[in-house]
Amino acid sequence: MRKTLLILGMMYSSHSLVAQQFTANYNADSSLTGFDNPQLKVSLAPQFVQVGGHTFQDVVAVTKEDKEGKWHSYYLFRSMKTAGADSMYMFDNTFDCENEGFIRFTDWKTEKTGVFNRDGKIVVPAAYNYVSKVRNGLIVVLQGAIKNNADSEHWFWEGGQANLIDTTNKLLANDIQDAELLNMYSVKVEDNPSADSTRKSFKGVNGKYYTFQIYKKEFAQWLQRDLVPGLTKEKLVAHAFSKISYWDENEGWVFEDKEKFVDKHWDFLQARLQDVGAFNIVYEDINPFIFEGPQYRQYLDNCFQAKSWQYPSFSIFFEGSNEKGQLDFLRTDEGYQLIGVGFAR
């Protein structure tokens, strides 16, 4: 008998569809940011010197300067409640961004991290070395790690154990490995480990097995089993984004209609995709500075960072380098699609 875990993310998606979005407004020189929400009749005048995102549904990180010139950071919730004063979660000098109505915070006295919900309540205490974004109502947390200072500017957590919890801080499974490569939206709870080679299983504390699709293995299987066999122009066009990007030395980044692009460069594309044995697949993030515009918006969060945990991108290199060109694919709601091409050097 097999059970399938209720997809919490679907419930959140329904919330998102009806949630009214806050959008940024600015002062004359755009040095300060405020937020408007006409539906809620909320208008905050420009006052923040730094914001985590220029739109938000439930919560956003903000920084405000006081009369003495001191900066204060905190989370601003859609109710206009504030929380997390000076305990912002930061990575690479970047604020955290809301996901599924949750946002992380860090107690810098203990260097432990927890999670706020959309109401500004702590649902996961600051008890973990690391906390992933909430993905489909699931969180991977790291405990018992030791801080390793690689140099004066960089450090990382070493050792410890990664566990799976939910948004009530309930432990679901221990020793979760390679969590960043797993599709949390594909979770199933089963009586036995999955026999599918593209899935990974972890025994839960309830005795059941939590199984997840491994994005890279899923992509490799799709590429070699579904796309390449019987490849034609029409088939490749059907598995391509509406526009395909490439770099031109004279024009810069070019975005060309997929039908025109595939027809023009068919010989190159066919030769590369038939060279199955030479594939080298690399996990990438879609670049928000290249892929701009409304057609790419769903693949970025409100802070314009790639949603690689839900829409990963993979680059295919040949013979271990990009000297013979590269092909870039993006996972979309319609499946993997060719989105960019690098030509042989």
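**Points about the packing of aromatic side chains**
Per the stated rule, a full pass over the model turns up 27 aromatic pairs. With a centroid separation of 5.0 Å and 65° between ring planes, the pair formed by Phe219 and Tyr336 is classed as edge-to-face. Remark: Tyr336 occurs in strand 28 (residues 335-342) and Phe219 occurs in helix 2 (residues 215-227); sequence separation between them is 117 residues. The pair formed by Phe219 and Tyr336 is uniform in burial state, with each residue classed as buried. With a centroid separation of 5.0 Å and 90° between ring planes, the pair formed by Tyr299 and Tyr311 is classed as edge-to-face. One end of the pair, Tyr299, is in the loop between strand 25 (279-284) and strand 26 (313-318); the other, Tyr311, is in the loop between strand 25 and strand 26, and twelve residues separate them in sequence. Here Tyr299 and Tyr311 have matching classes, each one buried.

**So, the sheet that holds strand 18 (residues 161-166)**
Judged by pairing direction, the sheet is antiparallel, and its four strands sit side by side in the order 14-15-18-19 without closing on themselves. On the outer flanks of this sheet lie strand 14 (130-131) and strand 19 (171-173), each paired with one strand and no other. When strand 14 meets strand 15 (residues 138-143), the two strands line up antiparallel, connected through two bridges. Counted as the bridge partner of Val131 is Val141 from strand 15.

Cut-offs applied
- Per-chain numbering applies: the sequence of each chain, read as written, is numbered from 1 onward.
- In view of the model being predicted, local features appear only for residues whose pLDDT reaches at least 70, and side-chain atom pairs are presented and counted only at 80 or more, with totals across whole chains, interfaces and linings using the full set of residues.
- Derived side-chain values reflect all non-hydrogen atoms in the structure, with water molecules and hydrogen atoms excluded from consideration.
- Pairing of aromatic side chains requires ring centres within 6.5 Å, counting the rings of Phe and Tyr and the six-membered ring of Trp. Pairs whose planes differ by under 30 degrees are stacked, by over 60 edge-to-face, and all others tilted.
- A run of H or I in DSSP counts as a helix once it spans at least four residues, and a run of E counts as a strand once it spans at least two, with each numbered from the N terminus.
- Exposure is judged per residue with a 1.4 Å probe applied to protein chains only, and the accessible area is read against the type maximum: over 50% gives exposed, under 20% gives buried, and values in between give partly exposed.
- Pairs of strands are assigned from DSSP output, requiring at least two bridges between the strands.

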